[in-house]
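The primary structure of each chain is shown beneath.
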Amino acid sequence: MKTFEYTAPDSLDEAIALLAKHGGKAALIAGATDMMQRMKIGEAEVPDCIVSLSKLHDLAYINVADGAVAIGALTSLANIERHDTIREHCTVLAEAAASIGSPQIRNRGTLVGNVCSASPAADAAVALLALDARVKIAGSDGEKQIDIGDFYTGPRESCLEATQIVTEIALPAKEWSGSSYQRTGLRRAMDCCVASAAVALIVNADGEISAARVALGAMAPTPIRVPAAEEALTGQVVGEQLLAKVAAAASAAAQPISDIRGSAEYRKDLAGVLARRAVGTAYKRSRGS
Ligand SMILES: Cc1cc2nc3c(=O)[nH]c(=O)nc-3n(C[C@H](O)[C@H](O)[C@H](O)COP(=O)(O)OP(=O)(O)OC[C@H]3O[C@@H](n4cnc5c(N)ncnc54)[C@H](O)[C@@H]3O)c2cc1C
C-alpha cells in the first residue's frame, strides 16, 4: 500500500485548514472502521494525508433539549445504541446502531462515519432518514444544515466537498410514538445488510396515523424514502389490507442491484416484507403493545 501522512489536529478549524491545504488529496477519518478497511482492500484510494478527528473530544456528545436530539461527529455507535432517550423516543436509530458490525466496530465506529460512508446499505443512515434528521456541515465558508435526504448523491457519494466536515446530526423534536428497524443479512453480525427498512410513526389516541416515514436501505443507489407508503399510512388505522398496500409500495419503489449478497428480485421482495414488518412493529409500539 502507498504510504501516507497521518495527522490528528486539535481543533475543527485546523482540520478544515488541513483538508484545504491538501486540495482533495486528504481523507478524514473518525473511527476509521470503514475507511481503513476499504483502503486495505483497494476500494478506497489511498490519500496523501489522513486527517483524524480523534482529538476533537468536544464532538463526542448526545444533547437532548426540548425533545430535539443533537449527536456530535465523534459519538460512537455504541453510545447511540445505549442512550436512554434514543432507545425510548428514536427506537429505530438505537436498533439500527445495534445491528452494525460487532461490539468492537460499534465502540470505534461513529454515527457520522456511517452517514458519511454514503453506503446505500448503511444501517444507521437509513434510520436517520426515517427520523427527518438534518446534517450539520462545517467548512472554510462557515456552517450549514441540510436534510439527510439531500445529503446523498449516489453510491458512496455525497454532496460533501473535500474541505467540509460533518459536525453533527440533528434530530428535530417530533413526537414519534413508535418506530422500528428491520434488516436481513447473510449472517447476524459483521456483515452489511442485504436489505433494510426503517419506519417512524406518529399515532393518535384513536390509533390513527398522523405522520409516517418509511425508508429503505440497499434498494437504490442511496437510502430512499417511500412516499407512496407514507401517504397510504397517513390518516389510517393499521390492518392487514393497509400492510399489504405498504408492502406493495415498498417493493415498487425498490430499484436494487444484484450482488453477492442477493439478487435484485429477492431484494425487491424483501423490501415489501421488511417494510410491512417495520410498520407492524412500529404501530404495535405506538399502541403500547
Ligand atoms: C467488519 C465490519 C463490519 C461492518 N458492518 C457494518 C454493518 O453491519 N452496517 C453498516 O452500516 N456498516 C458496517 N460497517 C462499516 C462501518 O463500520 C460503519 O459504517 C461505521 O459507522 C463507520 O464509522 P467510522 O467512524 O469508523 O467511519 P470512518 O471509517 O472513520 O469514515 C467513514 C467515511 O466517512 C467519512 N467521515 C467520517 N467522519 C466524517 C465527518 N465528521 N465529516 C465528513 N466525513 C467523515 C470518512 O472520510 C470516510 O469516507 C462495517 C465495517 C467493518 C470493518
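As the structure is a prediction and not an experimental result, all values here were calculated from the model.

## Quick look at the overall build of the protein chain
Line of reasoning, step 1. When helices and strands are tallied, the protein chain shows 11 helices and 14 strands.
Line of reasoning, step 2. Rg of the C-alpha trace for the protein chain: 19 Å, near the compact-globule value of 19 Å for 289 residues, within the 12% margin.
Line of reasoning, step 3. Projected onto its principal axes, the C-alpha coordinates of the protein chain cover approximately 60 × 45 × 35 Å.
Line of reasoning, step 4. Considering the protein chain as a whole, with its 289 residues, one finds that 55% of them fall into the buried category.
Line of reasoning, step 5. The long-range fraction of contacts in the protein chain, counting pairs at least 24 apart against all pairs at least 6 apart in sequence, stands at 62%.
Line of reasoning, step 6. Accessible surface for the protein chain amounts to roughly 13,200 Å². Of this, 49% is attributable to carbon and sulfur atoms.

## Quick word on the site of the ligand
Line of reasoning, step 1. If you check the shell around the ligand, you find 31 residues, and the closest are Leu28, Ala30, Thr33, Thr110 and Asp123.
Line of reasoning, step 2. Measuring from an oxygen atom of the ligand, one finds a side-chain N or O atom of Thr33 at 2.6 Å.
Line of reasoning, step 3. A distance of 2.9 Å separates an oxygen atom of the ligand from a polar atom in the side chain of Asn114.
Line of reasoning, step 4. For the shell around the ligand, the elements supplying multiple residues, two or more each, are strand 2 (26–29), helix 7 (111–116) and strand 10 (165–171).
Line of reasoning, step 5. Classifying every residue of the shell around the ligand gives 18 nonpolar, 9 polar and 4 charged.

## Digging into unusual backbone geometry
Line of reasoning, step 1. One non-glycine residue with positive phi stands out, namely Asp66, at about 50°.
Line of reasoning, step 2. With respect to the secondary-structure elements, Asp66 resides in the loop between strand 4 (62–65) and strand 5 (68–72).
Line of reasoning, step 3. With a phi angle near 65°, Ala218 is a residue other than glycine that sits in the positive phi range.
Line of reasoning, step 4. Tracing the sequence through the fold places Ala218 in the loop between strand 13 (209–217) and strand 14 (224–225).

## Here's the deal with the domain arrangement of the protein chain
Line of reasoning, step 1. According to the domain assignment, the protein chain consists of domain 1 (5–52), domain 2 (57–171) and domain 3 (178–286).
Line of reasoning, step 2. Computed over C-alpha atoms only, the centres of domain 2 and domain 3 are separated by 20 Å.
Line of reasoning, step 3. Across the boundary between the two partners, domain 2 contributes 23 residues, which contact 23 residues of domain 3.
Line of reasoning, step 4. Roughly 1,800 Å² is buried in total at the junction of domain 2 and domain 3, and carbon and sulfur atoms are behind 63% of that figure.

Cut-offs applied
Residues numbered from 1 in each chain as written. Predicted model: local features only at pLDDT ≥ 70, side-chain atom pairs only at ≥ 80, totals over all residues. Heavy atoms only, no water. Helix = DSSP H or I, 4+ residues; strand = E, 2+ residues; numbered from the N terminus. Rg over C-alpha atoms; globule rule 2.2 N^0.38 Å. Buried < 20%, exposed > 50% of the residue type's maximum accessible area, 1.4 Å probe, protein only. Contact = heavy atoms within 4.5 Å. Areas by Shrake-Rupley, 256 points an atom, 1.4 Å probe, with all protein chains shown as cover. Near = heavy atom within 4 Å. Polar contact = N/O pair within 3.5 Å; in protein donor to acceptor, adjacent residues only side chain to side chain. Nonpolar A, V, L, I, M, F, W, Y, C, P; charged D, E, K, R; others polar. Domains from an automatic or database assignment. Buried area = accessible area lost by both parts, 1.4 Å probe.

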